[in-house]
Amino acid sequence: MTDIVPRLGLGTSGNDDPEQCAESVRTALETGYRHIDTAQMYDNERAVGDGIAAADVDREEVFVATKIHPENLAPADVRDTAQARLDRLALEYVDLLYVHWPLSAYEPAETLPAFDALHEAGLTRHVGVSNFTPALLAEADDLLEAPIVANQVEIHPLLPPRDELVAACVERDIDLVAYAPFCRGEALENPVVQTVAEERGISPAQVCLAWLFEQGVAPIPKATGGAHIRDNYAGLEVDLTDEELARIDAIDRRYRRFDPDGAPWATPT
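Below is a short write-up of the structure. Keep in mind the model is a prediction, meaning the values are calculated, not measured.

Conventions used here
Residues numbered from 1 in each chain as written. Predicted model: local features only at pLDDT ≥ 70, side-chain atom pairs only at ≥ 80, totals over all residues. Heavy atoms only, no water. Axes fitted to C-alpha atoms, helices over the stretch in contact; angles between N-to-C directions. Helix = DSSP H or I, 4+ residues; strand = E, 2+ residues; numbered from the N terminus. Parallel < 35°, antiparallel > 145°, perpendicular 65-115°, else oblique. Left-handed = near helix turned anticlockwise from the far one by under 90°. Contact = heavy atoms within 4.5 Å. Nonpolar A, V, L, I, M, F, W, Y, C, P; charged D, E, K, R; others polar. Phe/Tyr/Trp six-rings, centres within 6.5 Å; stacked < 30°, edge-to-face > 60°. Lys NZ or Arg CZ within 6 Å of the ring centre and 35° of its normal. Salt bridge = Lys/Arg side-chain N within 4 Å of Asp/Glu carboxyl O. Buried < 20%, exposed > 50% of the residue type's maximum accessible area, 1.4 Å probe, protein only.

## Points about the packing of helix α4 (residues 108-121) against helix α5 (residues 134-143)
Put simply, α4 and α5 touch, their axes get as near as 9 Å, and they point 55° apart. Classified by the angle between their axes, α4 and α5 sit oblique to one another. In this structure, α4 meets α5 at a crossing whose hand is right-handed. Along the contact surface, α4 presents Pro108, Ala109, Leu112 and Asp116, while α5 presents Glu139, Ala140 and Leu143. Taken together, the residues of the contact of α4 with α5 break down into five nonpolar, no polar and two charged.

## Looking at the packing of aromatic side chains
Scanning the entire structure with this criterion turns up three aromatic pairs. Plain terms: the ring middles of Tyr33 and Tyr233 are 5.4 Å apart, the flat faces sit at 35° to each other, and that makes the pair tilted. With Tyr33 in the loop between α1 (18-31) and β2 (35-37) and Tyr233 in helix α9 (residues 226-234), the pair connects residues that are 200 residues apart, well separated along the chain. Looking at Arg7, its charged tip hangs above the ring of Phe213, at a distance of 4.5 Å from the centre. Its guanidinium or amino end placed over the ring of Phe258, Arg257 lies 5.2 Å from that ring's centre, counting from NZ or CZ.

## Some thoughts on the pattern of salt bridges
When the charged atoms of two side chains with opposite charge come close together, those side chains can pair. Evaluation of the coordinates by the stated rule reveals 13 salt bridges. Arg162 is the salt-bridge partner of Glu164, the closest N and O atoms lying 3.7 Å from each other. Using a relative accessible area of 46% as the deciding quantity, one classes Glu164 as partly exposed. Here Arg162 falls in the exposed class, since its relative accessible area comes to 58%. For Glu186, the salt bridge identified is with Arg253, shortest N-O distance 2.9 Å. Separated by 67 residues along the polypeptide, Glu186 in the loop between β7 (175-179) and α7 (191-200) and Arg253 in the segment after α10 (242-249) bring together distant segments of the chain. Residue Glu186 is classed as partly exposed on the basis of its relative accessible area, which comes to 28%. For Arg253, a relative accessible area of 38% translates into the label partly exposed.

Scope: geometric values only; no functional claims are made or implied.
As structure tokens, then:
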């Protein structure tokens, strides 16, 4: 990983109760998290901003990431949509602004220069993409003046990152950020993950997170309660053995939890 994206973040997808969302963000930051991830699509940016404001942590210490909805990726919409994200978060800038999916209004030659303009204007410190294949990454990297610092994709023990994607990110110094690192709970129920957790006396969540850390991936698990938030954070201290890593790598079930119509992996790109 580069030194830009913090190693562990708090995901907020599906955390749509405003009070709960704000409290989970506050708790995470005061536990030690320094990376908070949200999106226009999640409809919780106001609550995320409330949690950031309530936490006893300086804004400058927090890496805040959000994403623009695919329907708002036309160049005429990008600037206003980005400003609306800042208004909802009650922030002057975000640390990372993503293209959420390369779908709908996404047109690389038109959308990406609009992101460059946001970067130049200081509305975002960094530019990222989400759900991009190696071919789409190469295209975006050629078109953007600002470096791509992250590609956020679904990664967990049931869906390891493809070698081609890892190589494309390494070549361009792009961090892989893992959403759904527990596959919405299905990875936690896998017998291999559960066995490793029992043998080590740790939680299945910590096993999944430690496996991701070993691959140089920054996971952003969703958690709402304080106990789960702290349990995930403790995963930073877990080192899996080579034998344990090999057992998890050998899991033969493959499952993609998020696979919308038109997803880029369903096309030649």
